[in-house]
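The residues making up each chain are set out below.
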Amino acid sequence: MDEQDKGLGFRPRAVEDYFDPDLNPYMKSHLEFGPEVISAEDGPTFKGRWHEAFPARPGPRPELHLEIGPGNGFHLSGMAALHPERNWLGIEIRFKRVVLTARKLRSAGCENARVLRYDAHHLDDLFAEGEIDGLYVHHPDPWKREKRAKHRLLLRPFAEWIGRALRPGGTMRIKSDFHSNLDDFEGLIEELPLRVVRRVDDLRAQGLPWPEEDDVTTNYQSKFDKRGLPVAAMLLVRD
Ligand SMILES: C[S@@+](CC[C@H](N)C(=O)[O-])C[C@H]1O[C@@H](n2cnc3c(N)ncnc32)[C@H](O)[C@@H]1O
């Protein structure tokens, strides 16, 4: 855990004045960063019109691809560079990681990407039905112990939200070191309009469920790779 973030925990909502800027300087600096950062206050104002959060460009309206918990922004900036024709949005709860992601977006020159400081447990505040074309969740729930299980993202309310917010035909990609979390998730989408296209339990050994050239290794994925631990990957589609 980052030193600056220690003790802040996962708050139920994005309430800026909940935090003490002396304790966490990123609380203030993320608001001053520039166009790459969208504040928790502004986030919900883009509901149903997220294309307005990005520079306008000629041609058809770009697809909206959303990464939840981009961490240091390595994957988000990499994918935004691979797909300049799409708009990319990261949703990150931790102030410091919002700034780290924004720095990566800026240094990669990604005008088609933004990072929003928000709590992903409240995604209905942010997106209209069918507004998302692609969803990416990587190593979302580092808490293995049952005590923290209620804080996990890959639970029924999140699955139901995906069924509403992802457009029909839209895809979701998950990478995780926490295999039983994926088993649970597969179980709870059974009655939802979401289908597993392919799952691998060790992406190094079995290959990715999507094209290798359409992928960027995430920071956490690299950590598990270096320790020789398997990372699972799952591709889902919204029916
Ligand atoms: C284990 S890290 C993985 C980071 C990155 N996805 C990767 O694979 O390297 C989980 C990330 O999700 C973020 N996160 C956790 N809970 C969140 C929430 N409720 N809303 C938004 N981001 C969250 C954390 O701050 C952290 O950056």
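The structure this text deals with has already been given above.
Report follows, based on the coordinates. Here the structure is a predicted model, which is why all the values come from computation and not from measurement. (Residues numbered from 1 in each chain as written. Predicted model: local features only at pLDDT ≥ 70, side-chain atom pairs only at ≥ 80, totals over all residues. Heavy atoms only, no water.)

### Considerations on the nonpolar core
- Judged by nonpolar contacts, the single largest core of 39 residues is most densely connected at Phe127, Leu135, Phe158, Trp161, Met172 and Phe185.
- Elements that contribute at least two residues to this core include exactly strand 2 (64-68), strand 3 (87-92), strand 5 (132-138), helix 4 (156-165), strand 6 (166-176), helix 5 (179-188) and strand 8 (232-238).
- Setting aside chain neighbours within four positions, we find leucine 135 in contact with Leu66, Ile68, Phe158, Trp161, Ile162, Leu166, Thr171, Met172 and Arg173. (Core = buried A, V, L, I, M, F, W, Y, C linked by side-chain atoms within 4.5 Å. Buried < 20%, exposed > 50% of the residue type's maximum accessible area, 1.4 Å probe, protein only. Helix = DSSP H or I, 4+ residues; strand = E, 2+ residues; numbered from the N terminus. Contact = heavy atoms within 4.5 Å.)

### So, the site of the ligand
- In the vicinity of the ligand lie 18 residues, with Gly69, Glu92, Ala120, Thr218 and Tyr220 positioned nearest.
- One nitrogen or oxygen atom from the main chain of glycine 69 is found 2.8 Å from a nitrogen atom belonging to the ligand.
- Here a nitrogen atom of the ligand and a backbone polar atom of isoleucine 93 are 3.3 Å apart.
- Out of a free accessible area of 590 Å², the ligand has 95% covered by protein chains.
- Put simply, the parts of the chain that give the shell around the ligand at least two residues each are strand 3 and helix 7 (219-226).
- Across the shell around the ligand, the residue classes tally to 7 nonpolar, 7 polar and 4 charged. (Near = heavy atom within 4 Å. Polar contact = N/O pair within 3.5 Å; in protein donor to acceptor, adjacent residues only side chain to side chain. Areas by Shrake-Rupley, 256 points an atom, 1.4 Å probe, with all protein chains shown as cover. Nonpolar A, V, L, I, M, F, W, Y, C, P; charged D, E, K, R; others polar.)

### Here we look at unusual backbone geometry
- If you check the backbone angles, histidine 139 has positive phi at about 50 degrees while not being a glycine.
- Assignment of secondary structure puts histidine 139 in the loop between strand 5 and helix 4.
- For histidine 139, a relative accessible area of 10% gives the class buried.

### Quick look at helix 7
- Restricting attention to buried positions, one finds in helix 7 the residues Gln221, Phe224 and Asp225. Buried residues of helix 7, seen end-on, are gathered within an arc of 105 degrees and therefore sit on one face of the element.
- On its buried side, helix 7 packs onto strand 6 and helix 6 (203-206).
- Phi turns positive one or two residues past the end of helix 7, at glycine 228, with a value near 70 degrees. (Arc of directions from axis to C-beta.)

### What about the pairing of strand 4 (residues 113-117)?
- Counting buried positions over the 5 residues of strand 4 gives 5, a clear majority of the element.
- Of the two faces of strand 4, the one carrying Ala113, Val115 and Arg117 and the one carrying Arg114 and Leu116 are both buried.
- In this structure, strand 1 (residues 37-38) lies alongside strand 4, joined through 2 bridges in parallel fashion. Paired with valine 37 across the bridge in strand 4 is valine 115. (Pairing = 2+ DSSP bridges.)

### A few points about the pattern of salt bridges
- In the structure shown here, the tally under the stated rule is 15 salt bridges.
- When the shortest N-O distance is used, the salt bridge between arginine 164 and aspartate 124 registers 2.6 Å. A residue pair is termed long-range when its members are at least 10 positions apart, and arginine 164 in helix 4 and aspartate 124 in the loop between strand 4 and strand 5 qualify at 40 residues.
- Residue aspartate 124 is classed as partly exposed on the basis of its relative accessible area of 36%.
- As a salt-bridge pair, arginine 156 and glutamate 160 come within 2.7 Å of each other at their nearest N and O atoms. On the criterion of helical spacing, the pair formed by arginine 156 and glutamate 160 is a turn pair, its members being 4 residues apart in helix 4. (Salt bridge = Lys/Arg side-chain N within 4 Å of Asp/Glu carboxyl O.)

### With respect to the environment of phenylalanine 178
- Here phenylalanine 178 is to be found in the loop between strand 6 and helix 5.
- The exposure class of phenylalanine 178 is buried, given its relative accessible area of 9%.
- Separated by 39 residues in sequence, phenylalanine 178 and histidine 139 have C-alpha atoms that sit 7.6 Å apart.

### Quick notes on helix 5
- Taken residue by residue, helix 5 has Asn181, Leu182, Phe185 and Leu188 as its buried positions. Angular distribution of buried residues about the axis of helix 5 spans 125 degrees; they occupy a single face of the element.
- Each element contacted by the buried residues of helix 5 is listed here: helix 4, strand 6, strand 7 (194-200) and strand 8.

### Points about the layout of surface pockets
- In this model, the second largest pocket occupies a volume close to 190 Å³.
- Classifying every residue of the lining of the second largest pocket by side-chain character gives 7 nonpolar, 2 polar and 4 charged. (1 Å grid on protein atoms, 1.4 Å probe; cavity = no way out; pocket = protein on both sides within 12 Å on 5 of 7 lines; lining within 4 Å. Points joined across faces, edges and corners; volume = space filled by probe spheres on them.)

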